[in-house]
Amino acid sequence: MKGILISIAGIPRSLSDFVPDNGLALLASCLLKNNIDVKIFDFNLPSIFDDIYDKNVKNFLEKFSKKVFIDGKKPNFFDILQLKLVSLIIEKNKRNYIEKLKKFLLETIEKEKTEFVGFKLWAGDGFDWSIEIGKFLKKEKPKLKIFGGGPQVDIFEHLIFKKGDFFDVLCYGEGEEVVVELYNFVQGKKRLKDIPNIIFNENGKIVKTERKYIENLDELPLPVYTSDIYWKIDEKIKMFVIDESRGCENACFFCIHPKKSGKIKKKSVEKLIEEIKFFINKYNVFLYRFAGSSTPGDLIMEFAKRIIDEGIKIDYANSGYINDFDIGFENFKILKDSGCGSIFFGIESANEEILKKGMNKNVKKEDMERVLKNCKEAGIFTVASFIYPAPFENENTRKETLQFLEKVKPDSALVQFPGIYPGTIWFKYPEKFNFEIDKETYPLKVMNYKIKALFPPRMWQPLPYKVNGMSFKEFAYETEKFQKDINKLGINTSISNEDYLFYKYSDFKNTDEFLKFNRVYFYSGNSEKLKEEIETINRNSQIR
């Protein structure tokens, strides 16, 4: 085995974490196409809970989570005290788990005579674990080439070296063409400076090569999900992520996507239909999520009509931009009939001034109302996301967004506080958006920031920035209150577009039951229930 691709994202927090990684599956396919043997080790599985949550931890967290999420009771002082003690035990067990991974990967590398390892770098625990394991592997195997890519590299780029100087190369942007060239580098056949989309250290100097975009998505090979290549793929949810488009025309001030993938590029409908037919025939998979941050409206409509014409029975979810999805009720019905179960819309705020001045979103409120209503009335599970408190937020804009929600009533409204990422306009000009931040120290402080998943956000380690003059604890609490106000309107605040498809093929009676019990399963680390749920979703979704 010449190469290993690794994904360690930390402790799973939702069913989406159990979807196969299409990015690694695509990289593996590119390598195999060039006769380079590779294996994917995706450690994001329910079984991780068995290593980190011991029996006593699970028992306490199950009782606690049922009390809070099922019975709706508030935790008392002693509950919080015991929760903090349990959190310490979990941290200790994480250490044991990391040691287990080190041993497993080293033994695999030695047995297979592996020449290179590629880490997909995530945030939080996953980042720290990958860094520690990478350091260990480099120490034990100095000649082993270690590469890093993924979301963290796209955001933090060369600063990753300050946490992990063992990396031989970091890959930013699109990596499908780069990964083969990196193997040629391992073989001594290619110079690093001649490979695009990479960052490396040359005699103490950071070198960043030119960015190159993949212009024709139809030329990409099909991702590979066979069990000989993708370790423990049978323990994953049978939903595949489809690269229907990359890039974005919207250039929102808070978003990294335009920088990563450039202008919008679309895969042809012919290629999409070919891929889905292949996946159905080879893997018996009928659930799909489109990967694009904003699936083009003309592409999705042409795709839907072809799916209907050819009688292909699938379920899929995607994301959409309001101005691109002002397609009318009848066309939303066509999407529904083609198997579109849910669409995610990035609304962020109902106030047009905030949208334009604070986010660079040129969207009219009346258009948002019309699109969301048409989508929901067509029977598509409609998800809207919001950033609160947004830049320039005040009581009037808060009220305006709540009134908008009360009028439109999306099926789910996902709310988060503003996240500031290097490479975005928000980070480049924070003072223009009512943010207070030390740009020099901020990236390294948040690079390995960890969410305390057992506690509400206001009890997390404070993030080092202010929003509209509010400290982290203040604006995190405002977000929490805003979510509760949305709940009072009878709107769910926790179900994503792919979550709806999971619910549809689960055995739960309604979305509330699905949400409550999954909160208990993940919070308490109930791997057995999660495995059962995955088996149920996989079995039910294949009945056509």
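What you are looking at is a predicted structure, and each value in this text was computed from that prediction instead of being measured.

**Let's talk about a nonpolar patch on the surface**
Residues F77, F78, L81, L85 and L88 make up a contiguous nonpolar surface patch of about 600 Å² in total accessible area. If you trace the backbone, L81 turns up in helix α4 (residues 77-112). Since its relative accessible area comes to 44%, L81 is described here as partly exposed.

**What to know about the sheet that holds strand β15 (residues 412-416)**
As summarised here, the arrangement of the six strands in space is β8-β11-β12-β13-β14-β15, forming an open sheet in which the pairing is parallel. Where the open sheet ends on each side, the last strands, each with one partner, are β8 (239-242) and β15. The mean inter-strand angle of the sheet, taken between neighbouring strand axes irrespective of direction, is 20°. Note that strand β13 (residues 340-348) and strand β14 (residues 381-387) share six bridges and pair parallel. Each residue of the ladder has a partner; that of I343, found in β14, is T382.

**Digging into the packing of helix α9 (residues 269-283) against helix α10 (residues 297-309)**
One can describe the packing of α9 onto α10 by two numbers: an axis separation of 10 Å at closest approach and a directional angle of 50°. In terms of axis orientation, α9 runs oblique to α10. Like other packed secondary-structure pairs, α9 and α10 cross with a definite hand, here right-handed. In this structure, α9 contributes V269, E270, L272, I273 and I276 to the contact, and α10 contributes L299, E302, F303, R306 and I307. When its residues are assigned to classes, the contact of α9 with α10 shows seven nonpolar, no polar and three charged.

**Observations regarding the pattern of salt bridges**
In this structure the tally under the stated criterion is 44 salt bridges. The partner of D50 in a salt bridge is K58, with the nearest N and O atoms 2.7 Å apart. One network of salt bridges, in which partners are shared, links D50, K58, E528 and K531.

**Here we look at α9**
With 15 residues, α9 should cover 21 Å at 1.5 Å per step; its first-to-last C-alpha distance of 21 Å lies within 8% of that length. Along α9, the positions that sit buried rather than exposed are V269, K271, L272, I273, E275, I276, F279, I280 and Y283. Tucked inside the fold, the buried residues of α9 contact β8, β11 (287-290) and α10. Trailing α9 by a residue or two, N284 shows a phi angle of about 60°, which is positive.

**Points about the side chain of T401**
Among the structural elements, T401 can be located in helix α14 (residues 395-408). Its relative accessible area of 3% is what places T401 among the buried residues.

**Some remarks on unusual backbone geometry**
Cis rather than trans, the peptide bond between Y388 and P389 has omega equal to -5°. Take P389: it is sitting in the loop between β14 and α14. A positive phi is found at N203, a non-glycine position, where the angle reads about 55°. Among the secondary structure elements, N203 is positioned in the loop between β6 (198-202) and β7 (205-208). Even without glycine at this site, F392 takes up a positive phi of about 70°.

**A few points about helix α3 (residues 55-70)**
The end-to-end C-alpha separation of α3 is 21 Å, in line with the 22 Å expected for 16 residues at 1.5 Å each. For α3, the set of buried residues is V57, K58, F60, L61, F64 and S65. Taken down its axis, α3 places every buried residue within 165° of arc, on the same side. Turned more than 90 degrees from where α3 packs its buried face, K55, N56 and K63 sit exposed. Two or three places before N56, at the opening of α3, D54 has a side-chain oxygen 3.2 Å from that residue's backbone nitrogen. A positive phi of about 75° marks G72, the residue just after α3.

What counts, and at which threshold
- Residues numbered from 1 in each chain as written.
- Predicted model: local features only at pLDDT ≥ 70, side-chain atom pairs only at ≥ 80, totals over all residues.
- Heavy atoms only, no water.
- Patch = residues over 30% accessible without salt bridge, like charges linked within 9 Å, V, L, I, M, F, W, Y side chains within 5 Å.
- Areas by Shrake-Rupley, 256 points an atom, 1.4 Å probe, with all protein chains shown as cover.
- Salt bridge = Lys/Arg side-chain N within 4 Å of Asp/Glu carboxyl O.
- Helix = DSSP H or I, 4+ residues; strand = E, 2+ residues; numbered from the N terminus.
- Buried < 20%, exposed > 50% of the residue type's maximum accessible area, 1.4 Å probe, protein only.
- Pairing = 2+ DSSP bridges.
- Axes fitted to C-alpha atoms, helices over the stretch in contact; angles between N-to-C directions.
- Parallel < 35°, antiparallel > 145°, perpendicular 65-115°, else oblique.
- Left-handed = near helix turned anticlockwise from the far one by under 90°.
- Contact = heavy atoms within 4.5 Å.
- Nonpolar A, V, L, I, M, F, W, Y, C, P; charged D, E, K, R; others polar.
- Expected span 1.5 Å × (residues − 1).
- Arc of directions from axis to C-beta.
- Polar contact = N/O pair within 3.5 Å; in protein donor to acceptor, adjacent residues only side chain to side chain.

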